[in-house]
Every structure is written in C-alpha cells, then in structure tokens.
Amino acid sequence: MHTGFARKALRKVLSASALGALVLGAATVAQAAPAPTPVEVAIDAAKPGDVIDRNIFGQFAEHLGSGIYDGIWVGKDSPIPNVRGIRSDVVAALKAIKVPNVRWPGGCFADEYHWRDGIGPADKRRVQINTNWGSVPESNAFGTDEFMDFAQQVGADPYISVNVGSGTPAEAAAWVEYMTAEKGSTYANERVANGHVAPYRVPLLGIGNENWGCGGAMSPDHYVEEMKRFTNFIRNFNPAQRETDKMKRIAVGWDSNKLDYTEQVMKAWKDHVYSWDIEGISLHNYTVDGWPPHLQATGFGVDEYARIIKDTYRMDDLINRQTAVMDKYDPEKKIFLAVDEWGAWLAPTPGTNPGFLMQQNSQRDAVLAAINLNIFARHADRVKVANIAQMINVLQAMIFTKGPQMVLTPTYHVYHMYVPFQNARVVPIRLDGGEYVHGDVRLPRLDAIAARDAQGQLWLSVVNVDPETPTRVRLGNFKTASGQVLTAAKVDTVNTFEAPNAVTPRAITGKAAGGAVVLDLPARSVTVVKLN
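Rules and cut-offs
Positions within a chain are numbered from 1, following the residues in the order the chain's sequence is written. Only residues with pLDDT of at least 70 are given local features in this predicted model, and only at 80 or more are side-chain atom pairs given and counted; all residues enter the totals for whole chains, interfaces and linings. Note that water and hydrogens are dropped before the side-chain values are worked out from all heavy atoms of the structure. Note on aromatic pairs: the rings of Phe, Tyr and Trp (six-membered ring only in Trp) are paired at centre separations within 6.5 Å, and the planes decide the class, stacked below 30 degrees, edge-to-face beyond 60, tilted for the rest. Put simply, DSSP marks the helices as runs of H or I at least four residues long and the strands as runs of E at least two long, and each gets a number from the N terminus on. Think of it in three bands: with a 1.4 Å probe and only protein chains considered, a residue is buried below 20% of the maximum accessible area for its type, exposed above 50%, and partly exposed in between. At least two bridges found by DSSP between two strands is the condition for calling them paired. By the convention used here, residues are in contact when the closest approach between their heavy atoms is within 4.5 Å. Here, axes are lines fitted to C-alpha atoms. For helices the fit covers the stretch in contact, and angles between N-to-C directions go from 0 to 180 degrees. Among buried residues, those of type Ala, Val, Leu, Ile, Met, Phe, Trp, Tyr and Cys that are joined through side-chain atoms within 4.5 Å constitute a nonpolar core. Whenever Lys or Arg places a side-chain nitrogen within 4 Å of a carboxyl oxygen from Asp or Glu, that contact is recorded as a salt bridge.

Peer 1: Run through the packing of aromatic side chains, naming residues and quoting values.
Peer 2: Summed over all chains, the structure comprises 16 aromatic pairs. Measuring from ring centre to ring centre gives 6.2 Å for Trp-104 and Phe-142, while their planes differ by 80 degrees; the resulting arrangement is edge-to-face. Of this pair, Trp-104 sits in strand β5 (residues 101–104) while Phe-142 sits in the loop between β7 (136–138) and α3 (144–154), placing them 38 residues apart in sequence. Phe-142 matches Trp-104 in its accessibility class, with the two residues each being buried. Residues Trp-115 and Tyr-178 carry aromatic rings whose centres are separated by 5.2 Å and whose planes lie at 40 degrees to one another, so their mutual orientation is tilted. Of the two residues, Trp-115 is situated in the loop between β5 and β6 (128–130) and Tyr-178 in helix α4 (residues 169–180); the sequence distance between them amounts to 63 residues. Both residues of the pair, Trp-115 and Tyr-178, count as buried. Feature note: the residues Trp-73, Trp-104, Phe-109, Tyr-113, Phe-142, Phe-147, Phe-150 and Trp-175 constitute an aromatic cluster, connected by ring pairs.

Pasting the structure below:
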C-alpha cells in the first residue's frame, strides 16, 4: 500500500504548481493594461435552471497507446508506488478532480473486446494484437476486475461499453451478469473465485461504440435491430440497482456528420415495446479543423489558435441539431444526450507511434476544454454525460506519465477549477463581451457560465477567448469575488516533465468598485470565482 506516498506526491506537485503559477502570473498580468471600459456581467441568481450533472466531467480510458499500461496499470511488482498494480499517483490526482465516471474499454477497442480474455490468472489470459491502435500486443492484464478496482480507488462510476460489433447479446449479458449478480449463478461464482465477493455497480452501459464506423459499419436500421436485441437480453442483477440507481443504457448516436442514427434510434424508442429500452444516446465530436488531424500541438501561433477555437464552437451547433431530433420524438426529455467522446485531436507527437495518439497539451487546450464544459452546462437539460478523450497519455489528456514521473496538464487544471460546478444549478447570465476577430475568424471574446451549488454558493466561470488582449469585467450587486485564474505566457505553453509548472492556476481576487466587483482577466485565460 502506497496511498500515503501518493498523497504526499500529489501535494508536492500541486504546491509546486501554485508557486510556479505565482511567478508566472506576475509576468502574465503585466502583459498589458486592462480594457478601460469593463464588460458588464449580470447574473440573475434568483432564477435557478437545470442541474449541471456531474457526469459531464467524465473521463475515457481506452486500451490505446500508454493510456492503460503505464498510465493506470504498472503491475503489482512494479517499483512505481501502486495498489494492486494501479499506480497511486494517478489515483490521487484523479480523486482530486472528483472524477464522476470513466468510460472503458473503448472506443473502437470495445467492439473487438471479449471480456473473458481479461479475467482470471494473468498468465492464462489471451495475448492479442490491438488492430485498432498501433498493432501492438495487448496482454489483457488489465481486465474487468482490475478496471473495477481502479474505479473504486478513484471513487468513479464505471461506464462499460459492451461489444456489439463483433460480439453477441449472450456474451454481453454474461459479462453484465459476471459483474452484477450477487451470488448463485455460475458467472457470479466465477467472480467470487477471482477474489471479488460483492457484486459491482454498473450505472452506465454503452450499447456499442461508433457502430456506423469501426464498430461494424452498420446501417442505422441494422444497428437499431442489434440495439433492441442487446437491451432486451442484458440485465443488471445487482440488488442495489433493481429498484433505484438503475443502470442507464446509452445507444449509439451520430458521428457529428449525420443524423440518421439518431433519427432511427429515437424513432424506434418512441414506439418501443416493454422488453427493451434505453435511457441515453451518444454524440461523438472532436475538434480537428479538418480530417485527418493535422494541427500541431506545440509551436503554433495565433492563426492556428483561432481556427481550432472556431472549430470547437461547432459543438454547440451539433448539440442543437441532435437535440432537435430528440425533441421530435421525446418532448418530455426522458432520453439524455451523452457526449461521450470529445476533445482536441491533433497531429501525433513526432517520433511516437502514430497509432498511440500521443499529443501535447497547451494553454489553448485549457481554453478549448472550458468552452466545451460551458456549452454542456448551457445544455444541461439534455446533456447528462460527457467523456473527454482521453484521460491519460492519449489525445487531450488530464495526465502524462513516464516511468515513475507524472505531470498534470492545463486541461487537468481546468477540471480541478470546475469541481464546484458538479451538480450545481445553472443560473442565467448576461454579458456582451464583443467579438475577437482574427482574419476571417470571428469568435465571442468572452464565454461564461454561472451556477449555484447545493450549499447555496454562487460560482462564475469566465473564459477570455482573446489570445492577445486582457479584459475587465464588472459584476454588479456583488461584494467579493475570489478564486483561480489559469493562463500562460503564450497560447502554446505546455507542461513537461522537465518544467511541470509552466501552466498552473493562481489566485485571483476581485476589486470592490462602486457597489460592484471588478475582475481583471488576462488574455487566453480561464477564471473561476465564487461570488458573495
């Protein structure tokens, strides 16, 4: 057991981050004088709206590159501090951002994953080739019981994606029985024999993954028939999930280009019979600025920054288009939307296996993450689950690992700052920050949300999208505003193992002025404050 070591290590990283941020912050704030005319921000705290479901801050861990092996799993005999093979520094870091759920085992990997390959003695497990990601051996050392152990250590709910593409309803039903049956069945007894007496909770279950593409290239009609079969025969046997806390099944929706899957799934659901049902439908969308991914993760300038931020704002339109179809068949909003793959997909780091999807993470990615989280919050009536891709070492990651080393990314810091918004209730906010214009790109200069948490505290997030110019906002009818701001010397500033604190939050406090509070926001920044 090395949990004490992990907590000390994380405190060291975070305290070093704070120290580095103070030094960086002093240099950053001095970059230019704030705008002379403040932007008026009006918050109607007396009119609470929908709850921002904490599950929109979910994570995604696919068997891809070093996302699992080295990122989560180091093995029980590793010199890297671990608990039953799961690295303790990563667990401590994820606990600090209160991860609500983790989607596993994929992704494209999910529709080639056969759960029996990943249970029982490690030396008896099947070694396969990961044909989707890098064509490298997959040992299956990290399987169902290891993932459930990881989720429990983090305090996150498991979001399991079952194999629809190359699997069968019988295989998926047996897997869920293995995980959730209390006792008596062959599969439950097998789980007990593998060292796990109590049944697992499975709150979220994905019925396939991208079955319009890597999950089997199915037509919408074909997928709907498979979805019916799988939801008809899969049952959750956990006694605690029979009447309350029931498992929510999430069907495959569109791939950000077509609405045909959403249309057919929702049409079928509207007239569904008693024997099958779903509770959610997915949307996948990556910020790429054109396929294949080509934008660089480092060494870019304002041109690339403006283009990728423009592309990430497509998320709002995509959600509007998907929910319009959902509203047609489900005006009472019984079915939720799960944006269970999203994030920046950039060119892979030079010198790495391109199938490992390894990319650096900059201040630009922090701004991008905050904008998406704000969009999800503004759609809190439908968006109840979201999973950034991916959690460790892959795409827009929270954490990088290399041997015993760990570094937190700018995106991680945004998630840490946004913890107060988990299960908080949106309140209306009005502001006109004008536009940021760069060439033919036009963007809102400011992006903001406000929410009240369960304790009654009011919180505000403001993103200064402008990469070059600071701004000032004025909050009427408030006495104090205090919290954190995340910015950096340049839009492409990153954290590395050699310089882990180049991008870290620092404290920010508003200034009282004439019955209001004024906040000076650096360029290219994310700010979260509590208001009184």
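Resuming the write-up.
Peer 1: Describe in detail the sheet that holds strand β9 (residues 204–207), supporting the description with residues and values.
Peer 2: With respect to topology, 8 strands assemble into an open sheet ordered β2-β5-β8-β9-β10-β11-β12-β13, the strand pairing being parallel. For this open sheet the edge positions go to β2 (59–60) and β13 (383–388), each flanked by a neighbour on one side alone. As judged from the 4 bridges shared by strand β8 (residues 157–162) and β9, these two strands associate in the parallel manner. The residue of β9 that forms the bridge with Tyr-159 is Leu-204. The sheet contacts of helix α6 (residues 220–233) involve β8, β9 and β10 (248–251), and relative to β9 the element is tilted by about 145 degrees. Helix-sheet contacts for helix α9 (residues 314–329) involve β11 (280–287), β12 (336–344) and β13, and the interaxial angle to β11 is about 160 degrees.

Peer 1: Please set out the nonpolar core residue by residue, giving values where relevant.
Peer 2: With 123 residues, the main nonpolar core has Phe-150, Trp-342 and Tyr-418 as its most contacted residues. Among the elements that line this core, the one with the most residues is helix α10 (residues 363–378), at 10 residues. Beyond its immediate chain neighbours, meaning those up to four positions away, Phe-150 contacts Ile-72, Ile-86, Val-91, Leu-94, Val-102, Phe-142 and Met-391. In this structure, Ile-43, Ala-448, Val-462 and Leu-521 belong to the second largest nonpolar core, which totals 21 residues.

Peer 1: Residue-level account of the pattern of salt bridges, with values.
Peer 2: The final tally for this structure, using the stated rule, is 29 salt bridges. Between Asp-327 and Lys-333 there is a salt bridge, with the nearest N and O atoms lying 3.2 Å from each other. The class of Asp-327 is partly exposed, set by a relative accessible area of 30%. Given a relative accessible area of 32%, Lys-333 falls into the partly exposed group. Between Asp-492 and Lys-490 there is a salt bridge, and its shortest N-O distance comes to 3.9 Å. Among the residues examined, Asp-492 registers a relative accessible area of 13% and is labelled buried. What you see here is one network of salt bridges that share partners, running through Asp-327, Asp-330, Lys-333, Asp-381 and Arg-382.

Peer 1: For the environment of Ala-151, give the residues involved together with the corresponding values.
Peer 2: The residue Ala-151 is located in helix α3 in this model. Expressed as a C-alpha distance, the spacing of Ala-151 and Pro-420, which sit 269 residues apart in the sequence, is 21 Å.

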